[in-house]
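Examining the three-dimensional arrangement
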Amino acid sequence: MQTLFRAFERASEGTLIVDRECRIVWISERHALRFGFDDPRAVLGRRVEDVIPNSRMREVVTTGQPILLDILEAPKKPLVVIRLPLKEDGEVIGAVGFALFDEWASLSPLVSRFLNMQDELAAARKARAPARQAKYNFSSFVGVSPVTLELKRTARRAAATQSPVLLLGETGTGKELLAHAIHGASPRAHKPFVSISMAAIPDALLEAELFGVAPGAYTGADRRERQGKLHIAQGGTLFLDEIGDMPLAVQAKLLRVLQEKEFEAIGSNDVVRADVRIIAATSRRLQELVKTGEFRADLYYRLDVLSIRVPPLRDRIEDLELICEAVLEGFADLRPGQAWELQPDALALLARQRWPGNIRELRNVLERSIVLSDSPLLGAAEVQAALNASGAGSAPAPAEPAPAFPPAPTAPAEPHAQAMSQYERQLIERALAESRSVAAAAKRLGIGRATLYRKMAQLGLGHRARASAHPSDPPTS
């Protein structure tokens with residue numbers, strides 16, 4: 001037998017023999033070393049699975065059938081193996097396995113295909129992981145105005161709960177970014193974040209996208225199960241964007257998920273337990289949709305446990321300068337090594353717009369300004385050209401009174417309002433004259449630089465401000 005064992009060892013890169021109970025009775029030195037054992041005698045009598053976790057020797061002993069060609073996962077690299085049953089008088093008494101490591105060349109087409117599939121699978125898993133995670137956090141929602149800070153505080157409180165969240169606001173205000181941030185700050189942050197837009201998917205396909213499809217559920221359906229977004233988001237967060245566009249039939253199934261914490265795939269009788277936190281968003285008025293019967297009242301009340309209204313850009317214009325800086329930094333890939341800045345007159349021009357498309361529209365205007373400009377300093381001319389091209393230039397914001405000096409509503413108080421306006425003008429002119437820069441003047445007045453630029457434009461102080469500002473006043477970015 002020793003001579004036979006030595007012959008086995010010379011003929012292969014590894015040999016293993018087990019008895020009818022799948023306990024190791026002999027193993028070659030090279031094979032034992034490959035699996036972390038310096039002395040082959042240390043594994044004798046042990047269950048084969050305890051030594052080689054992925055071994056299929058037990059299958060050979062149980063069935064009595066050989067496995068003539070297989071790939072065994074080993075610590076360093078896969079091995080091509082052959083497994084044969086050992087029989088005596090027709091009865092299986094054990095099995096022998098050979099690792100044909102030296103035969104890779106002749107098996108290269110099969111092995112190469114297997115290794116390529118392994119690499120592709122690993123790459124797909126690696127790529128999928130970040131794609132299902134939160135991409136933004138609360139610092140990505142740029143702004144320090146009181147309304148923005150209060151919004152972030154409310155959103156952080158929402159992140160600590162498991163209740164549904166309903167984000168309300170105009171298009172382009174950053175609702176999806178806020179949904180990412182809430183998930184990233186929640187206990188589910190390490191689980192998937194899955195988003196789906198109700199407006200982007202046809203009604204006929206939306207149910208399948210959300211709940212999945214069982215094998216052969218309908219004519220032409222795939223024979224394999226197709227998981228829906230609810231299944232993919234298990235343990236994490238499902239973000240339903242533009243939920244106001246969800247069909248009534250799908251609303252009924254979503255209500256079951258929120259109430260009963262369960263769902264069924266299309267064509268399946270299996271009930272799946274739903275461990276998913278729902279964040280929904282819409283730019284439509286859901287209460288009006290409820291009144292017209294376009295949105296289920298019971299679903300609305302389930303979603304409206306914690307509603308957060310995201311303000312439009314015109315209501316937090318104090319954040320405009322910081323938002324512009326962040327947006328311009330994001331355009332670094334357009335011209336590598338180039339950094340863009342907004343001149344004061346350009347920022348003042350932007351501050352006078354109403355921005356019906358909010359930050360999405362602002363981003364479009366700034367990108368267009370970069371394309372139209374030959375200089376890294378973006379002035380009012382480039383911004384105005386971009387506004388005209390996008391249609392935003394025709395919608396300037398109405399002049400707003402200073403928060404500290406609201407206009408009186410009645411005619412007898414008009415002289416008082418004029419006096420306050422004149423006083424504000426003098427106050428700003430004095431601050432500009434006594435400050436080294438516009439930023440310093442804004443700090444002296446206790447207001448943001450963007451607010452100061454807007455007031456200067458309203459009071460007709462734009463050119464005088466530039467003359468009053470110190471020559472070293474840095475351009476606004």
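This write-up is about the structure you can find in this document. (Residues numbered from 1 in each chain as written. Predicted model: local features only at pLDDT ≥ 70, side-chain atom pairs only at ≥ 80, totals over all residues. Heavy atoms only, no water.)

With respect to the nonpolar core
- Leu320, Leu342, Leu350, Leu362 and Leu366 are the most contacted members of the largest nonpolar core, which totals 36 residues.
- Of all the secondary-structure elements, those providing two or more residues to this core are α13 (320–329), α14 (344–351), α15 (358–372), α16 (380–390), α17 (414–433), α18 (438–445) and α19 (449–458).
- In terms of residue count, the dominant contributor to this core is α14 (six residues).
- With 32 residues, the next largest nonpolar core counts Leu230, Phe263, Leu286 and Leu289 among its residues. (Core = buried A, V, L, I, M, F, W, Y, C linked by side-chain atoms within 4.5 Å. Buried < 20%, exposed > 50% of the residue type's maximum accessible area, 1.4 Å probe, protein only. Helix = DSSP H or I, 4+ residues; strand = E, 2+ residues; numbered from the N terminus.)

Some words on a nonpolar patch on the surface
- On the surface, Leu68, Leu69 and Leu84 cluster together to form a nonpolar patch covering roughly 260 Å² of accessible area.
- Within the secondary structure, Leu84 is located in strand β4 (residues 79–88).
- Judged by its relative accessible area of 31%, Leu84 is partly exposed. (Patch = residues over 30% accessible without salt bridge, like charges linked within 9 Å, V, L, I, M, F, W, Y side chains within 5 Å. Areas by Shrake-Rupley, 256 points an atom, 1.4 Å probe, with all protein chains shown as cover. Salt bridge = Lys/Arg side-chain N within 4 Å of Asp/Glu carboxyl O.)

Structural notes on the sheet that holds strand β1 (residues 14–19)
- One open sheet holds the five strands; their spatial order is β2-β1-β5-β4-β3, and the pairing between them is antiparallel. The open sheet terminates on both sides in strands that have one partner only, identified here as β2 (24–27) and β3 (67–72). Across the sheet, the mean angle separating the axes of adjacent strands is 25 degrees when strand polarity is ignored.
- Bridge count for β1 against β2 is three bridges, and the pairing is antiparallel. By the bridge assignment, Ile17 is partnered in β2 with Trp26. (Pairing = 2+ DSSP bridges. Axes fitted to C-alpha atoms, helices over the stretch in contact; angles between N-to-C directions.)

Some details on the environment of Gln227
- By the secondary structure assignment, Gln227 is in the loop between α8 (203–211) and α9 (229–232).
- Its relative accessible area of 38% is what places Gln227 among the partly exposed residues.
- With 15 residues separating them along the chain, Gln227 and Gly212 place their C-alpha atoms 4.5 Å apart.
- Not counting the four nearest positions on each side in its chain, Gln227 is found in contact with Gly212 and Ile232. (Contact = heavy atoms within 4.5 Å.)

Comments concerning the packing of α13 against α15
- At a closest axis distance of 10 Å, the pairing of α13 and α15 adopts a crossing angle of 55 degrees. As summarised for this structure, α13 and α15 are arranged oblique, according to the angle between their axes. In this structure, the crossing between α13 and α15 has a hand that is right-handed. Note on element contacts: α15 touches α13 through Ile359, Leu362, Arg363, Leu366 and Ile370, opposite Leu320, Ile323, Cys324, Val327 and Leu328.
- A class-by-class count of the residues in the contact of α13 with α15 yields nine nonpolar, no polar and one charged. (Parallel < 35°, antiparallel > 145°, perpendicular 65-115°, else oblique. Left-handed = near helix turned anticlockwise from the far one by under 90°. Nonpolar A, V, L, I, M, F, W, Y, C, P; charged D, E, K, R; others polar.)

Quick look at the packing of aromatic side chains
- Applying the stated criterion across every chain, the model contains three aromatic pairs.
- Centroid distance Phe193 to Phe239: 6.3 Å. Interplanar angle 20 degrees. Geometry classified as stacked. Linking Phe193 in strand β7 (residues 193–197) with Phe239 in strand β8 (residues 237–241), this pair joins segments that are 46 residues apart in sequence. An identical accessibility class is assigned to Phe193 and Phe239; each is buried.
- For the ring pair Phe211 and Phe263, a centre distance of 6.3 Å and an interplane angle of 50 degrees mean the geometry is tilted. Linking Phe211 in helix α8 with Phe263 in strand β9 (residues 262–264), this pair joins segments that are 52 residues apart in sequence. Just as Phe211 is buried, Phe263 falls in that class too. (Phe/Tyr/Trp six-rings, centres within 6.5 Å; stacked < 30°, edge-to-face > 60°.)

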